[in-house]
Amino acid sequence: MPLHSVSVAGVVVREDGRILAIRRADNGTWEPPGGVLELDERPEQGAAREVLEETGVRVEVERLSGVYKNMTRGVVALVFRCRPVGGEESTSAESTAVEWLTREEVEERMGEVYAVRVLDALGAASTPHVRAHNGRHLLERA
């Protein structure tokens, strides 16, 4: 029986259009805040918890913006568009920097598989995007 891991992430968009991002402590990459979904929590709760733990920012989850599968590692990521409702930016054991990035900075700093999650969340699509990748690059639809 195949085993998959489920992760959740929040693309937090401020009123001025800037996006909350962290620089991960373990590998130095820029990503939207997120992590593994706990067994006893709903996906939206997990996304809000991960954002708060990694950035100090409290959010309201607005909508599911995408589902992304890392075909190499078997990780399915549920990404939610969120808006900030409180808290104050701070780093954690998992982040060495927390910044509000412009769309251009997201495209410059994030790898393809993370930048696309942010760009998908910024789009106006009413249905979530569903994409597959190999950990570094998006895979074409079969």
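Parameters and conventions
Residues numbered from 1 in each chain as written. Predicted model: local features only at pLDDT ≥ 70, side-chain atom pairs only at ≥ 80, totals over all residues. Heavy atoms only, no water. Core = buried A, V, L, I, M, F, W, Y, C linked by side-chain atoms within 4.5 Å. Buried < 20%, exposed > 50% of the residue type's maximum accessible area, 1.4 Å probe, protein only. Helix = DSSP H or I, 4+ residues; strand = E, 2+ residues; numbered from the N terminus. Contact = heavy atoms within 4.5 Å. Expected span 1.5 Å × (residues − 1). 1 Å grid on protein atoms, 1.4 Å probe; cavity = no way out; pocket = protein on both sides within 12 Å on 5 of 7 lines; lining within 4 Å. Points joined across faces, edges and corners; volume = space filled by probe spheres on them. Nonpolar A, V, L, I, M, F, W, Y, C, P; charged D, E, K, R; others polar. Polar contact = N/O pair within 3.5 Å; in protein donor to acceptor, adjacent residues only side chain to side chain. Pairing = 2+ DSSP bridges. pLDDT = per-residue confidence, 0-100. Axes fitted to C-alpha atoms, helices over the stretch in contact; angles between N-to-C directions.

1. Points about the nonpolar core
Residues Val-11, Trp-30, Val-106, Met-110 and Val-118 are the most contacted members of the largest nonpolar core, which totals 17 residues. Contributions of two or more residues to this core are made by strand 1 (5-12), strand 2 (19-24), strand 6 (75-87), strand 7 (95-101) and helix 3 (112-122). A per-element tally of this core places helix 3 first, with 4 residues. Sequence-distant contacts of Val-118, defined by excluding residues within four places in its chain, comprise Val-11, Ile-19, Pro-32, Val-106 and Met-110.

2. Here we look at helix 1 (residues 43-55)
Under the 1.5 Å per step criterion, the end-to-end length of helix 1 is 18 Å for 13 residues, consistent within 8% with the ideal 18 Å. Listing the buried residues of helix 1 in full gives Gly-46, Ala-47, Arg-49, Glu-50, Val-51, Glu-54 and Thr-55. Buried residues belonging to helix 1 abut strand 1, strand 2, strand 4 (34-36), strand 5 (57-70), strand 6 and strand 7.

3. A look at the layout of surface pockets
Within this model, the largest pocket holds a volume of roughly 770 Å³. Lining the largest pocket we find 34 residues, and of these Arg-24, Glu-31, Arg-73, Tyr-114 and Arg-117 sit closest to its centre. Sorting the residues of the lining of the largest pocket by element identifies strand 1, strand 2, strand 3 (30-31), strand 4, strand 5, strand 6 and helix 3 as the ones contributing at least two each. When grouped by side-chain class, the residues that make up the lining of the largest pocket number 14 nonpolar, 11 polar and 9 charged.

4. Re the side chain of Glu-31
Mapping Glu-31 onto the fold places it in strand 3. A polar side-chain atom of Glu-31 sits 3.5 Å from a polar atom in the side chain of Arg-24. At 3.1 Å, the side chain of Glu-31 forms a polar contact with the side chain of Thr-29. With residues up to four places along the chain from it excluded, the contact list for Glu-31 reads Ala-21, Ile-22, Arg-24, Met-110 and Tyr-114.

5. A few points about the pairing of strand 6
Every other side chain in a regular strand lies on the same face of the sheet, so the side chains alternate between the two faces. The sheet contact formed by strand 1 and strand 6 spans 8 bridges and is parallel. Paired with Val-8 across the two strands is Leu-78, which belongs to strand 6. Hairpin connection, strand 5 to strand 6: the antiparallel pair is bridged by 4 residues, and Gly-74 has positive phi, about 75 degrees.

6. Concerning the side chain of Asp-120
Residue position: Asp-120 is located in helix 3. A polar contact of 2.7 Å, which involves the side chain of Asp-120, links it to the side chain of Tyr-68. In contact with Asp-120, other than residues within four places in its own chain, are Ser-65, Tyr-68, His-129 and Arg-131.

7. Notes on the confidence of the model for the chain
Overall, the prediction assigns the chain a mean pLDDT of 95, with 99% of residues at 70 or greater. Of all the helices and strands in the chain, strand 8 (residues 129-133) carries the lowest mean pLDDT, 94, while strand 3 carries the highest, 98.

8. Quick word on the sheet that holds strand 1
Spatially, 5 strands are ordered 4-1-6-5-8 in an open sheet, and the strand pairing comes out mixed. Edge strands, defined here as strands with exactly one partner in the open sheet, are strand 4 and strand 8. Recorded for the sheet is a direction-independent mean angle of 30 degrees between the axes of neighbouring strands. This element, helix 1, spans strand 1, strand 4, strand 5 and strand 6 of the sheet and lies at about 110 degrees to strand 5.

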